Amino acid sequence: MRLTVFGATGRTGRPLVEQALRRGHEVTAFVRDPTGLPPELRNDDRVRVVVGDAYTGAGVERAVDGGEGPPADAVVNVLGQGSGGPDDLLTRAGGHVLDAMDRVGVDRYVTLVGAGVREEDESVSLGGRMMGTLLKLLARAVLADARDHVEAVRGRDVAWTVVRGPRLTDGAHTGEFVHGTDIALGVRATAARANVAEFVLDCVEEGRYVRGLPKVADA
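Residues numbered from 1 in each chain as written. Predicted model: local features only at pLDDT ≥ 70, side-chain atom pairs only at ≥ 80, totals over all residues. Heavy atoms only, no water.

**Comments concerning helix α7 (residues 193-206)**
Moving on, step 1. In a regular helix each residue adds 1.5 Å, so 14 residues correspond to 20 Å; α7 covers 20 Å between its end C-alpha atoms and thus fits that length.
Moving on, step 2. Counted residue by residue, α7 has 12 buried out of 14 residues, so it is predominantly covered.
Moving on, step 3. Along α7, the positions that sit buried rather than exposed are R193, A194, N195, V196, A197, E198, F199, V200, L201, D202, C203 and V204.
Moving on, step 4. Just beyond α7, the residue with positive phi is G207, at close to 65°. (Helix = DSSP H or I, 4+ residues; strand = E, 2+ residues; numbered from the N terminus. Expected span 1.5 Å × (residues − 1). Buried < 20%, exposed > 50% of the residue type's maximum accessible area, 1.4 Å probe, protein only.)

Now the structure itself:
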């Protein structure tokens, strides 16, 4: 499978690219700075590096269309809000990515947001409500951006999946995690980024949760 990964140099993107290669996929890594990828990934023959800016849209379509080869089979977006970054990063970048997919004819899209994004009438634990309140107080712009991104994704005619994670950690890749659209996450719930990467790839490969918003957390 040919995967295009936005956010490939990030803390979730790197393990995702590594695991994708171990699973036998080819990866187009979209980056702002190629040196953000470790040399063993940057120099791998199965990795195509495209430099651009997802926020402005520069280079996005080139990453999706496959260059001299076939276009991507699926697009994965694990961009994350960084300190000092634009408040509407996910919404703007996601729009450029989805527009490019539409022009090129790519149908499968998996994106990652925080578990603070909720579906209407979703059952939420007490801990989850507490966390939601904290997010509104401490990260209102990030939460609003994620919600806007998800709303835009849901309006697109593609096979989308929105993966929702709690607080992400750099813990070991254990492969032990739970997932589902109706699981309750407590205030202490966490997810190792490498485990999230595994789940994202499972969704891509197996067509899991198409037009769904599953949550994932370490078991």
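**Section: the pattern of salt bridges**
Moving on, step 1. All chains considered together, the criterion is met by 10 salt bridges.
Moving on, step 2. The partner of R11 in a salt bridge is D170, with the nearest N and O atoms 2.7 Å apart. With a gap of 159 residues between them, R11 in the loop between β1 (2-6) and α1 (13-22) and D170 in the loop between β7 (167-169) and β8 (177-180) connect regions that are remote in the sequence.
Moving on, step 3. A relative accessible area of 52% places R11 in the exposed class.
Moving on, step 4. Residue classification places D170 among the exposed positions, given a relative accessible area of 54%.
Moving on, step 5. Its salt-bridge partner being R23, residue D202 comes within 3.0 Å of it at the nearest N-O pair. Placement of the pair is D202 in helix α7 and R23 in the loop between α1 and β2 (26-31), with a sequence separation of 179 residues.
Moving on, step 6. In this structure R23 comes out as partly exposed when scored by relative accessible area, which is 30%.
Moving on, step 7. A network of salt bridges, in which partner residues are shared, links R11, D170 and R193. (Salt bridge = Lys/Arg side-chain N within 4 Å of Asp/Glu carboxyl O.)

**Focus on the side chain of R193**
Moving on, step 1. Here R193 lies in helix α7.
Moving on, step 2. Not counting residues up to four positions away in its chain, the partners in contact with R193 are R11, T12, L168, T169 and D170. (Contact = heavy atoms within 4.5 Å.)

**Digging into the side chain of T111**
Moving on, step 1. Mapped onto the secondary structure, T111 falls in strand β5 (residues 108-114).
Moving on, step 2. Among the residues examined, T111 registers a relative accessible area of 1% and is labelled buried.
Moving on, step 3. Here the side chain of T111 touches H149 through a polar contact of 3.0 Å, side chain to side chain.
Moving on, step 4. With sequence-adjacent residues up to four places away left out, T111 is seen in contact with N77, H149, T161, V162 and V163. (Polar contact = N/O pair within 3.5 Å; in protein donor to acceptor, adjacent residues only side chain to side chain.)

**Quick look at the packing of α1 against α7**
Moving on, step 1. At a closest axis distance of 8 Å, the pairing of α1 and α7 adopts a crossing angle of 50°. Between α1 and α7, the crossing angle belongs to the class labelled oblique. Taken as a pair, α1 and α7 cross one another with a handedness that is right-handed. The residues of α7 that touch α1, namely those facing P15, L16, Q19 and A20, are A194, A197, E198, V200 and L201. (Axes fitted to C-alpha atoms, helices over the stretch in contact; angles between N-to-C directions. Parallel < 35°, antiparallel > 145°, perpendicular 65-115°, else oblique. Left-handed = near helix turned anticlockwise from the far one by under 90°.)

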